[in-house]
Structures are given as C-alpha cells and as structure tokens.
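Inside the fold
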Amino acid sequence: MLEMEEENPNIMFKVRSYKTASDVIRNLSSGIDEIYEDNGLKGLMQIPSIGKAIASKIEEYLMTGKIKYLEELKSKISINVDEFYDLEGIGPKTIKIIYDNLGVKDLSNLEKAASEGKLRNIRGFSEKKEEMILNKIRLLKKGRGRYLLGEVYPLVKQIETRLLNFEGVKNAVAAGSFRRMKETIGDIDFVVASNESKKIMDYFISMPEISEILGRGTSKSFVRLNNGIDADLLVIPEDSFGSALQYFTGSKEHGVAMRKVALGKGFHLNEWGIFDENQKKVAGSTEEGVYHMLDLEWIPPEIRENNGEIELAKNGGKRLSRLIQYNDLKGDLQVHSNSTDGTMSIEDMALAAKETFGLEYIAITDHTKSLKLTNGLDDSQLLDQANKISELNDRIKQGRFDTKPRLSTRSGLESQKARDEKEKKTKMSDNKHFKILSAAEVNIMNDGSLDIPNNVLDKLDIVGAAIHSSFSLPIEVQTDRLLKAMENPSIDIIFHPTGRRINKREGYPVNIEKLLENAKKTSTLLEIDAHYDRLDLKDEYVKMAVQKDVKLVIDSDAHHPIHFAFLTFGIGQARRGWAKKSDILNTLPLEELLSSIKR
DNA sequence: GCCGTTTTCGGCCCGACTGTTTTCAGTCG
C-alpha cells in the first residue's frame, strides 16, 4: 500500500524496512509476544531491524489486535491489495495506474476490464500487456502452488544430467531452493558454466519437457515445464560460476546479507564475482572462493537463510562442516513390510537397504492392531514376525542371504552413499554384517496408552510409537498423549511427531517445547520422517531439538524398496535444522546404537 | 523506517529482462 500511495522516491526504503522487520520476526527463536512480555518496548527495539516506529506498532498490535497506521492506509487506498499480491509480474505501481484510470479495485474487475479491452487505452499500456495480465490472472486462478521436493527431484536431476552432458557445458547445477533442500520448491534454477551461452539457451528452451518460454535473454531464460513448474536457466562463463551459483542458490535474504558483508569489506558482490574498488575481479570461479574472500567459511546451501549462519561462518571454527553428511546414515529405523501396508517382503526390503543404499541395519516397524486400515499386527503376529526376523538374521550370518532380486532404481533417486557403495560393490560380496531388527510402529491411543502390552514390546529389538487417529483433540490432550507414550519404558522413538503431511494437512497440535523437554528427560528419540510429504520434524523443530541436545533419528518410512531414497530428503531436513552427525543416532554402528537407546 | 569504527544525516544489495514512455521504470529473484 505504501508503494501505491507515495510519490516519495525514498518510499522503497520504508517498504524494505517493514519487509526486513517481518523477516526478522518470522525467524526469531522465541515469540515476539514473549519478548514484549519480558522486556517491553525496549526488548522489541533490541531486535535488529526493529526501531522505535515499528516497535510501537508491534506493541499496539499486541495490545489491541490492530495497527491504526495500517487501518488508515487501508481506508485511504480502497484497493483490495491482498488479492493482487500473488499476481505475478504485476506490481503495486501497475495496479495503482489501473485504479487511477479505471477505478479497478479487485481481481475480478481487473479481469473484466482486461477482457473488455479497456486497459490498452491507458498510457504506457498496450494490447500485449493486456493479454499478459489476462494470462497471469488465469495462472493465478489455476493455483500453481509450491511443489514437494520429492515430487520434482527425479525430473530436476534428469535435466541437470542432460545439461551436464551437453557439449560445451563445463558445469551445471540445479540451484535455488532445490539445492537448499527446502521441503517445497517454487521454481527450479539451473546454473550452467559455459562460454557458449547462445547454444546452451537454444538447447534448453527446445527441451521436450518445456511447454512455454516465458522470457529469454543473453544470460538468463525463463520457461515453464510440462508439469507446470517454472524453471530459470543462467548461463555464465566458467570464471564466474562460483559467484553465480552462490547468487542463484539463495536464499534471497542470505544473498542480501552476503552483499552487505562484501560492502563492509570494500568489495562489491554480484553474480559475476567479487570486485574491489578498482572493479578488479578478486573471486568468483568457485563458491568456496567467494566465501573465503569475505573471510567466511563455506556455508552449506541447506542453512543459507540469513538465520545466524553468516555469524557462525565468521568465527572460523569449522563448525559448519560438522553438519551431518549425506553418507553418514548406517541404518533405517522405520521400514514397513507386506505383513501390513508395505508392498514387499522383509527380505526384499533388507536387500534393497543393504545393496542399493549401503545400510548396515534396518528395523521392521509394521503397524499394530488398532490401525485397522493397514491390517495391523496383534501380539502374537508381532512375536511371530520377530521369530521370522531372527531366522533371517541367522541365515545372513551364515552367508545364506538371498541376493537374487536386484532392484533397479531411478537414477535421480540414488543417494550419494549408493553411488559410493556401487563403486566398491565387489567388496560387499559378504552379506554377514547386515542385521534386521524386530520392531513395531505401535499405535498411541487417545489416552496415551499403547495397543500392544509392554511384555510383548520388550521382546522386540526397538520400538517406535506414533499417533494415527483423533487429530482434532486439543493441544493439551494431544501433548499429554505423546508425553505419556514417551514415559513408557518400552518406547524408544516417537515416529513423525507432529503428524503433518505437507500441503495436505496441518498435523495435530503439539506443544513442541514440552515434547522436546520430555524427550530429553526420558531419553526418547524423536524421528525425522524422511518421506517427502512428511519431513516431520520440520527444520525449525530440528533446530530447537539440536539446541536442547535432544537426540534424533532419520528414517525413510519405506513401504517399497525404492523409498530408501527418501533418506536423502531426511538428511537435507536435518541439515536445514543445523543437525550434526552426533545429533542423529542412526549414524552409529548397530552395537553403539543399541547401547544408546533407553531400554 | 533503520542504522552507525565514513555515526544523528544520508545512505540503504544488485543486475537482468520486459515493454515501450527510445532512455528508463517496473518487476523479479
């Protein structure tokens, strides 16, 4: 609204201040209301980027639920600003001009005016622009939201590989939120190093996956893929590849902060490199070089959110390099078989885990009896399964593990570990070290009790518990349910602790602080479920857990052999939450893991 | 509206692409 209202050329800076302040508030580790309760207006003003004016507006909002300044702006503007916010390519100035000329206040009237051909008569507009606006409205209505990381992963890897193999390409990386392993992806950004820009651009926009060319220049092109996702391509000379990768990986906030750091050191940072006062290029060919030139440790993409990572990188303690690595997992503690809702036998799952993903152990965690939909196991079925697993383990020890069904995986879904393992496959010919753990995914009832008695659970190697029903209970009840399950000495892990499904459902309400406290107190592990539509715990909660030294595990929740590939997403999530190898217990060899769990 | 080892005024991250107002404003990432 400010951008629409003011002629003042400095208004952009005011707008920026509000945006920065809102980002800062969103990223606070404690609530803005708590800060105000504890330290009042002074406390608010101590938050960076919040000064006197914004602090008192926050105070006003906390006390009255309203901000007078905002209400005044709203009454003055009378344009339904929120409706236009997601309309791509049309900003506040354009909306204001249309309003001034035609009195258009909302989206439906804009659509009407455009289809009636009224926009083209406005000075600075044209038939072409009118068409563009109609197009954007149509797209907005279609609701192109964000895509799940796991949904786009194979396709992105496929395009990345294709670019890498194209003649004249020195390097190609899918950057953006994809490289940062965000749980959802808005669009895909490819960065290519090459001196033959035009040739690469021509190739890119002619790829079969592309449905529409949205824009094209000498170094950047924008397209829409067949499945509706937008993709950008940046082609850049080899000696600028590092700075371009840094720039295109984001986040935007991280990039802005980095350019400020550069200015503070008398440099100038853009996607072409770092430049000194004489416009001489001093870094840019590698990403490491860019960070090092600013006296920073290289920052892993997953934590580039301007959320404290730059400060940490400054102090030179090699702390960032201690994040869990993509080949650190030794086992998977949530795996399903066709005894319940899985699709393959225990043997098949074990083989895939071992041969394709290089794991040393898995836990078979089929559902239990109260989960009727999945045909959950009862007490005796669980014990039978444990016996069967024990026999399987004996066969493995004797080297009689059946290695016949070699499973092929989609290339994009293979983990780094899998690639490493394949290279030394010959060494893996003895199967004697793999172990299958008897386990269960026990159902937590409404009162926090379990549907399997402890004397049965204690015969299993490891037990996880999870909530699968009554999501609408109030937060206190839901939290107590989990706390009680954690206090049960037979429960080692809480699976997918908040029950969310990204873009599908919110999950049940949980007091996460209490949950973490109790996990610490009872030595119960919390899971990062790596299935790409769960990624539960989410990054923010992982960070809280790490701060409180609550131990975590990363599980695939595999229902099919190919699902072990999901572990990559879980590790990405853990890294986004600043988790170190030592925070994730299934990075331990089996014996150490078993001696670390609570039973 | 925020901020300060160039400090209480005068700056504020930066470049590419688009359309069209042929030199730049608007928008985006």
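Residues numbered from 1 in each chain as written. Chains lettered and ligands numbered in written order. Predicted model: local features only at pLDDT ≥ 70, side-chain atom pairs only at ≥ 80, totals over all residues. Heavy atoms only, no water.

1. Details of the pairing of strand 6 (residues 220–225)
Strand direction decides the pairing type here: strand 5 (residues 210–216) and strand 6, joined by 5 bridges, are antiparallel. Looking at strand 6, one finds that Gly215 is bridged to Phe222. Relative to strand 7 (residues 230–236), strand 6 is paired through 5 bridges, and the arrangement is antiparallel. Paired with Lys220 across the two strands is Leu234, which belongs to strand 7. Counted between consecutive antiparallel strands, the loop separating strand 6 from strand 7 contains 4 residues, among which Gly228 sits at a positive phi close to 100 degrees. (Pairing = 2+ DSSP bridges. Helix = DSSP H or I, 4+ residues; strand = E, 2+ residues; numbered from the N terminus.)

2. Quick word on helix 14 (residues 252–264)
The end-to-end C-alpha distance of helix 14, which contains 13 residues, comes to 19 Å, matching closely the 18 Å that a straight helix rising 1.5 Å per residue would cover. Where helix 14 is concerned, the buried positions are His254, Gly255, Ala257, Met258, Val261 and Ala262. Seen along its axis, helix 14 keeps its buried residues to an arc of 165 degrees; they face one direction. When the buried face of helix 14 is taken as reference, the exposed residues oriented beyond 90 degrees from it are Lys252, Lys260, Leu263 and Gly264. Close packing links the buried residues of helix 14 with helix 13 (241–249), strand 8 (268–270), helix 15 (287–293) and helix 16 (309–314). Phi turns positive, to about 80 degrees, at Gly266, one or two residues after helix 14. (Expected span 1.5 Å × (residues − 1). Buried < 20%, exposed > 50% of the residue type's maximum accessible area, 1.4 Å probe, protein only. Arc of directions from axis to C-beta. Contact = heavy atoms within 4.5 Å.)

3. Here we look at the domain arrangement of chain A
As far as domains go, chain A holds domain 1 (2–143), domain 2 (145–236), domain 3 (248–321) and domain 4 (331–401 + 434–596). Domain 2 and domain 3 are separated by 24 Å when their C-alpha centres are compared. Every contact between the two is made by 15 residues of domain 2 and, on the other side, 12 residues of domain 3. Together domain 2 and domain 3 conceal approximately 1,000 Å² of surface at their shared face, both sides included; 61% is due to carbon and sulfur atoms. Sorting the residues of domain 2 by area buried against domain 3 places Arg179, Arg180 and Ile236 first, and these three jointly supply 57% of that buried surface. Across the pair Glu305 and Arg180 runs a salt bridge, and its minimum N-O distance is 3.0 Å. Across the contact surface, domain 2 and domain 3 share 5 residue pairs in polar contact (both at pLDDT 80 or more). (Domains from an automatic or database assignment. Buried area = accessible area lost by both parts, 1.4 Å probe. Salt bridge = Lys/Arg side-chain N within 4 Å of Asp/Glu carboxyl O. Polar contact = N/O pair within 3.5 Å; in protein donor to acceptor, adjacent residues only side chain to side chain.)

4. Some points on unusual backbone geometry
For residues besides glycine, phi is generally negative; the peptide bonds are generally trans as well. The residue after Gly250, namely Ser251, is reached through a cis peptide bond having omega -5 degrees. Positionally, Ser251 belongs in the loop between helix 13 and helix 14. Cis geometry marks the peptide bond from Asp536 to Leu537; its omega dihedral reads 15 degrees. Of note, Leu537 is situated in the loop between strand 16 (525–529) and helix 23 (539–547). Despite not being glycine, Gln279 shows a phi value in the positive range, around 60 degrees. Structurally, Gln279 can be placed in the loop between strand 9 (273–275) and strand 10 (281–283). Positive phi values are uncommon outside glycine, yet Leu535 reaches one of about 40 degrees. Here Leu535 lies in the loop between strand 16 and helix 23.

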